[in-house]
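# Topology and contacts: notes
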Amino acid sequence: MAQVSLREVSKVYKGEVHAVRKVSLGIENKEFVVLLGPSGCGKSTTLRMVAGLEETTTGDIYIADRKVNDVPAKDRNIAMVFQNYALYPHMKVYDNMAFALKLRKYSSRDIDKRVKEAATILGISHLLNRKPREISGGERQRVAVGRAIVRKPIVFLFDEPLSNLDAKLRVQMRTEIHKLHLKIQTTMIYVTHDQTEAMTLGDRIAVMKDGLLLQFDTPLNVYNQPVNKFVAGFIGSPPMNFMEGKIIKKDGGLYFDEGGFKIRILEPMYKKLDKYINREIIFGIRPESIFDKLFASAATPDNTISVICEVVETMGSENYLYLSTGTHTFIAVVEASNKPEIGSMVEMVCDMKKIHFFDPATEETIV
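Residues numbered from 1 in each chain as written. Predicted model: local features only at pLDDT ≥ 70, side-chain atom pairs only at ≥ 80, totals over all residues. Heavy atoms only, no water.

## Notes on the environment of P161
Operational definition: Secondary structure follows DSSP: runs of H or I at least 4 residues long count as helices, runs of E at least 2 residues long count as strands, and numbering of each begins at the N terminus. Only protein chains enter the calculation, and the probe is 1.4 Å; a residue is then buried if its accessible area is under 20% of its type maximum, exposed if over 50%, and partly exposed in between. Any pair of residues with heavy atoms lying within 4.5 Å of one another is described as a contacting pair.
Note that P161 resides in the loop between strand 7 (155-159) and helix 5 (167-184). Judged by its relative accessible area of 0%, P161 is buried. Taking the C-alpha atoms as reference points, P161 and K229, 68 residues apart in sequence, are found 28 Å from one another. Apart from the residues lying within four places of it in its own chain, the contact partners of P161 are V81, F82, Q83, Q141, I177, Y190 and V191.

## A word on the side chain of T46
Take T46: it is sitting in helix 1 (residues 43-51). The contacts of T46, once residues within four sequence positions are left out, are L6, V20, L35 and M208.

## Quick word on the sheet that holds strand 6 (residues 78-81)
Here is the rule: Should DSSP find at least two bridges between two strands, the strands are taken to pair. Comment: axis = line fitted to C-alpha atoms, over the contacting stretch for helices; angle = value between 0 and 180 degrees taken between N-to-C directions.
Pairing is mixed in the open sheet, where 6 strands are placed in the order 6-7-8-3-9-10. The outermost strands of the open sheet, each flanked by one partner alone, are strand 6 and strand 10 (212-217). This sheet shows a mean twist of 15° between the axes of neighbouring strands, independent of strand direction. Summarising the sheet, strand 3 (residues 32-36) and strand 8 (residues 187-192) pair through 5 bridges and their orientation is parallel. Bridge pairing in strand 8 links V34 to Y190. Most of the contacts of helix 4 (residues 137-149) go to strand 6, to which it runs at about 175°, and overall it touches strand 6 and strand 7. Contacts from helix 5 reach strand 3, strand 7 and strand 8, with the element oriented near 165° to strand 8.

## Notes on the pattern of salt bridges
Heads up, the condition is: Salt bridges, as used here, are contacts in which a Lys or Arg side-chain nitrogen is within 4 Å of a carboxyl oxygen on Asp or Glu.
In the structure shown here, the tally under the stated rule is 12 salt bridges. As a salt-bridge pair, K43 and E160 come within 4.0 Å of each other at their nearest N and O atoms. Of this pair, K43 sits in helix 1 while E160 sits in the loop between strand 7 and helix 5, and the two are 117 residues apart along the sequence. Here E160 falls in the buried class, since its relative accessible area comes to 13%. For E54, the salt bridge is made with R48, and the minimal N-O distance between the two is 3.7 Å. Classification of R48 as partly exposed rests on a relative accessible area of 27%.

## Regarding the sheet that holds strand 20 (residues 355-358)
The antiparallel open sheet is built from 5 strands, whose spatial order is 13-12-11-14-20. The open sheet terminates on both sides in strands that have one partner only, identified here as strand 13 (262-264) and strand 20. Geometrically, the sheet is characterised by an average inter-axis angle of 40° between neighbouring strands, direction not taken into account. Here 3 bridges tie strand 12 (residues 253-257) to strand 13, and the two strands are oriented antiparallel to one another. Looking at the pairing, Y255 lines up with R264 of strand 13.

## A few points about the packing of aromatic side chains
Operational definition: The criterion for an aromatic pair is that two Phe, Tyr or Trp rings (for Trp, the six-membered ring) have centres within 6.5 Å, with stacked assigned to planes under 30 degrees apart, edge-to-face to planes over 60 apart and tilted to the rest.
For the coordinates displayed, the defined rule picks out 10 aromatic pairs. Summarising the aromatic geometry, the rings of F256 and F283 are spaced 4.7 Å apart at their centres and angled 15° between planes, so their arrangement reads as stacked. You can see F256 sitting in strand 12 and its partner F283 sitting in strand 14 (residues 280-285), a full 27 residues away along the chain. Side by side, F256 and F283 carry an identical accessibility label, which is buried.

From the geometry alone we can't say anything about function, so treat these as descriptive.
Laid out in structure tokens, this is it:
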């Protein structure tokens, strides 16, 4: 069993620089957890503390029910894959993968078996006699993963392993890492700033900002039920649209009044929004929850807004419409056949079941 538990873990550098602030995480055996956030949020520092490459300032880390705060990295039975591959340039692929096993005095027969098994899993058997400079970036990353696999650790750690690859290779390697997890069924912790990687790879996502853990949940829950404005805006591509306005009471119902338009809020949301009547609030809606009235099946005067189309970006199977209310600009993702004229007035329908509201002071989710 390879559960990983972080309990109130903090890291403070000289000068009172708080890199990680009381992070608590419980990672289950065989689970794939992604640490997600912008540069400088503390995700890599958290990973390095799990690996034993950084000491914790406060808090405890447990791997497989063993407290490892004072256990050297080499004795934690984990393997780490780095962003820059960290391969020995003078060694062949086979020797790079075998090196850690040789240091641990494994027999030549056992080393050969492990290296060839890992190479087969990763599809790099034909590269074993080449040196790193003779193979591509994607192949080097597979070698780096293979070097970790041969050790048969109880936990794999990945520190932004795909960030040096081009877009096509990133997609390919993302799929390979997902298939690898399904094959070897080992606990994996993966650091990235790419929310697409997080959504596609993770069983659960831990979203971090400024050293704090903001939300730890399944990808769909993080996407559909973000705890605050930051999480809502960080997850999703294009990101969630935000508009400032007020909640007003009209005709026995509640409306969001942006200034240029008013839309009626669904009744199940009334209770949480009651104290915000006639007060400022932040309205959020994802681009894919906005539809052209001509293509929408559930358009009513209460969920339809009139806006100006400023830009159309053609993405192949879909278009991104940049729309203006006069006060705010927002994005709608629509079908490729939906391409309004630039400068024209269009009527857009909002899916009112998928709107969000945030407190303007705390930026926490209201509903």
